[in-house]
Amino acid sequence: MLAMNKFRILGTIVIVIAASIVVTSCKDKRSTGWEYAPNMYEHIAYDPDQKNNNFKDGKTAQVPPAGTIPVGFVKFDYPNTKDGYELASVEVKTVLAQTQANYKDGKILFEHFCSPCHGLSGQGDGLVVQHGYPPPPSYSKGQSSRGGAMKDLTDGKIYHTITYGVNAMGSYASQLAPEERWKVIMYVHHLQTL
Ligand code: HEC
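Since the structure is predicted, the reported quantities are computational estimates derived from the model, not experimental observations.

Explain the overall build of the chain here, please?
Across its full length, the chain holds seven helices and zero strands. For a compact globule of 194 residues, the expected C-alpha radius of gyration is about 16 Å, and the chain comes in at 32 Å, more than 25% above that figure. Along the first, second and third principal axes, the C-alpha set of the chain runs to 105 × 50 × 30 Å. Scored against the burial criterion, the 194 residues of the chain give a buried share of 27%. Taking as baseline every contact in the chain between residues at least 6 positions apart, the subset at least 24 positions apart corresponds to 48%. For the chain, the computed accessible surface area is about 14,000 Å², with 63% contributed by carbon and sulfur atoms. Both charge centroids of the chain, one from 19 positive and one from 17 negative side chains, sit 7 Å from each other.

Looking at this structure, I do not really get the nonpolar core. What am I missing?
Taken as a class, soluble globular proteins show a tendency for nonpolar side chains to be buried jointly. Counting 23 residues, the largest nonpolar core has F110 and V184 as the members making the most contacts within it. Where this core is concerned, the elements lending two or more residues are α2 (82-91), α3 (100-113), α6 (155-164) and α7 (178-191). With seven residues, α7 is the single largest residue contributor to this core. If near-sequence neighbours (up to four positions away) are discounted, V184 is found in contact with G106, L109, F110, C114, I162 and L176.

Hey, could you run me through the coordination of the iron atom of the ligand in this one?
Perfect tetrahedral coordination of a metal by four donors corresponds to 109.5 degrees between them, and perfect octahedral coordination by six donors corresponds to 90 or 180 degrees. Protein-derived coordination of the iron atom of the ligand comes from H118 (NE2) and M169 (SD), at a distance range of 2.0 to 2.2 Å. One can describe the donor arrangement at the iron atom of the ligand as octahedral, given that its six donor atoms subtend angles of 85 to 178° at the metal. Linking H118 in helix α4 (residues 115-118) with M169 in the loop between α6 and α7, this pair joins segments that are 51 residues apart in sequence.

Please explain the layout of surface pockets as it appears in this structure.
Empty pockets left among the atoms are what a rolling probe the size of a water molecule brings to light. Size it by volume and the largest pocket reaches roughly 620 Å³. Lining the largest pocket we find 30 residues, and of these H118, P136, T161, V166 and M169 sit closest to its centre. Secondary-structure elements contributing two or more residues to the lining of the largest pocket are α4, α6 and α7. Examining the composition of the lining of the largest pocket, we find that four residues originate from one element, α6, more than from any other. Residue composition of the lining of the largest pocket, grouped by class: 22 nonpolar, six polar and two charged.

Would you mind showing me how to read α3 here?
Because each turn of an α-helix spans 3.6 residues, side chains separated by three or four positions end up pointing in the same direction. Helix length check: α3 (14 residues) gives 20 Å between terminal C-alpha atoms against 20 Å at 1.5 Å per residue, within 8%. Listed as buried for α3 are N102, G106, L109 and F110. Seen end-on, α3 carries its buried residues on one side only, within an arc spanning 100°. The exposed residues of α3 that point more than 90 degrees off its buried face are Q100, K104 and H112.

Looking at this structure, I do not really get the environment of Y187. What am I missing?
By secondary structure assignment, the location of Y187 is in helix α7. Y187 gets classed as buried once you look at its relative accessible area, which sits at 5%. A sequence separation of 170 residues divides Y187 from I17, and the C-alpha atoms of the two residues are 73 Å apart. In contact with Y187, other than residues within four places in its own chain, are Y103, G106, K107, F110 and L120.

Teacher, can you tell me more about the site of the ligand here?
The ligand sits among 25 residues. The nearest are Y85, C114, C117, H118 and M169. The separation between a nitrogen atom of the ligand and a polar side-chain atom of H118 is 2.7 Å. In this structure, an oxygen atom belonging to the ligand sits 2.5 Å away from a side-chain N or O atom of S144. Cavity membership is defined here by more than half of the atoms lying within 2 Å of grid points; on that basis the ligand lies in the largest pocket. At the level of elements, α4 and α6 are the ones that each hand at least two residues to the shell around the ligand. Among the elements that take part in the shell around the ligand, α6 stands out by supplying three residues, more than any other.

About the criteria used
- Going along each chain's sequence as written, the residues are numbered from 1 onward.
- Owing to the predicted nature of the model, reporting of local features is limited to residues with pLDDT of at least 70; listing and counting of side-chain atom pairs is limited to 80 or more, with chain, interface and lining totals taken over all residues.
- Based on all heavy atoms of the structure, the side-chain values leave hydrogens and waters out of the count.
- Helix and strand assignments follow DSSP, with helices taken as H or I runs no shorter than four residues and strands as E runs no shorter than two, numbered in order from the N terminus.
- Every radius of gyration here is taken over C-alpha atoms, with the globule rule written as 2.2 Å times N^0.38, N being the number of residues.
- Note on classification: 1.4 Å probe, protein chains only; a residue is buried when its accessible area is under 20% of the maximum for its type, exposed when over 50%, partly exposed between these limits.
- For this analysis, residues touch if any pair of their heavy atoms sits within 4.5 Å.
- Note on areas: these come from Shrake-Rupley sampling with a 1.4 Å probe, and a residue is covered only by the protein chains present in the view.
- Under the convention used here, Asp and Glu are negative, Lys and Arg are positive, and both His and the chain ends fall outside the count.
- One atom stands in for each charge, and that atom is NZ of Lys, CZ of Arg, CG of Asp or CD of Glu.
- The set of buried Ala, Val, Leu, Ile, Met, Phe, Trp, Tyr and Cys residues whose side-chain atoms join them within 4.5 Å is what this entry labels a nonpolar core.
- Metal coordination here is assigned from N, O and S atoms located within 2.8 Å of the ion, or within 3.2 Å for Na, K and Ca; omission of water means that sites may look incomplete.
- Angle rules define the geometry names used: all angles between 85 and 135 degrees makes four donors tetrahedral, while opposite donors over 155 degrees apart and all other angles between 65 and 115 make four donors square planar and six octahedral, leaving every other case irregular.
- A pocket here means an open set of points on a 1 Å grid, computed over the protein atoms alone, that has protein on both sides within 12 Å along at least five of seven lines. A cavity is instead a set of points where a 1.4 Å probe fits but cannot get out; residues with an atom within 4 Å of a point line either one.
- Grid points are joined across faces, edges and corners, and a volume is the space filled by probe spheres set on the points.
- Classification convention: Asp, Glu, Lys, Arg as charged; Ala, Val, Leu, Ile, Met, Phe, Trp, Tyr, Cys, Pro as nonpolar; all other residues, Gly among them, as polar.
- Expected span, for any helix, means 1.5 Å times one less than how many residues it has.
- In this context, the arc is that of the directions from the helix axis out to the C-beta atoms.
- The criterion for a residue being near a molecule or strand is simple. One of its heavy atoms has to lie within 4 Å of it.
- Polar contact is the term for a pair of N or O atoms within 3.5 Å; when the atoms are in protein, one must be able to donate a hydrogen and the other to accept it, and sequence-neighboring residues count only if both atoms are side-chain atoms.
- Cavity and pocket membership follows a simple rule, namely that a molecule belongs there if more than half of its atoms are within 2 Å of the grid points.

Right under this line is the structure:
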């Protein structure tokens, strides 16, 4: 008899605990429950997607004022047009130190990013070309689709091409930082002499 009672009491306690967990956990669907170190979630700073009465449009994420650039961003003010390409050719010159170390970096970058199409020696016979991709002209013997011999391509023209791409070649602006582009260009100049 006593044993039965013990089980009943135990059973009742278990049910009460279980029920209270169910009831309290479902009380507020938006509640995150107990939070450890809540100021990690509810911090003082505004979240980008949060309402913000400090600004006229009531948003935290503001569009940067016109003409502003991120810290360290190098501007290239030549549009993606034939005129922009020709102007860059005259005005844009490398400021990279012409050292062995930069040349070596340029070679590695070229082999990673450019040689699949242009080929290791810049003859336009890279691996993807061997599989049917439209071949780029040889850097040393070909003709540019925008006029002139490939071997005469200037700093500015190559920089413009890497930045914007041309026809079947995409832009490499998001893969190569400006300094890396100049390193690649140093190596392309070498390939133009082959
Ligand atoms: C997906 C293949 C592909 C890759 C990768 C590629 N190119 Fe090209 N590139 C081409 C093709 C195709 C052309 C010819 C486009 C045209 O003139 O119609 C070209 C043309 C060029 C030209 C000549 C532009 C001109 O003014 O005529 C230069 C310079 C050049 N590429 C440099 C590079 C460099 C540097 C890289 C690496 C950062 C690179 N390319 C990566 C396919 C590629």
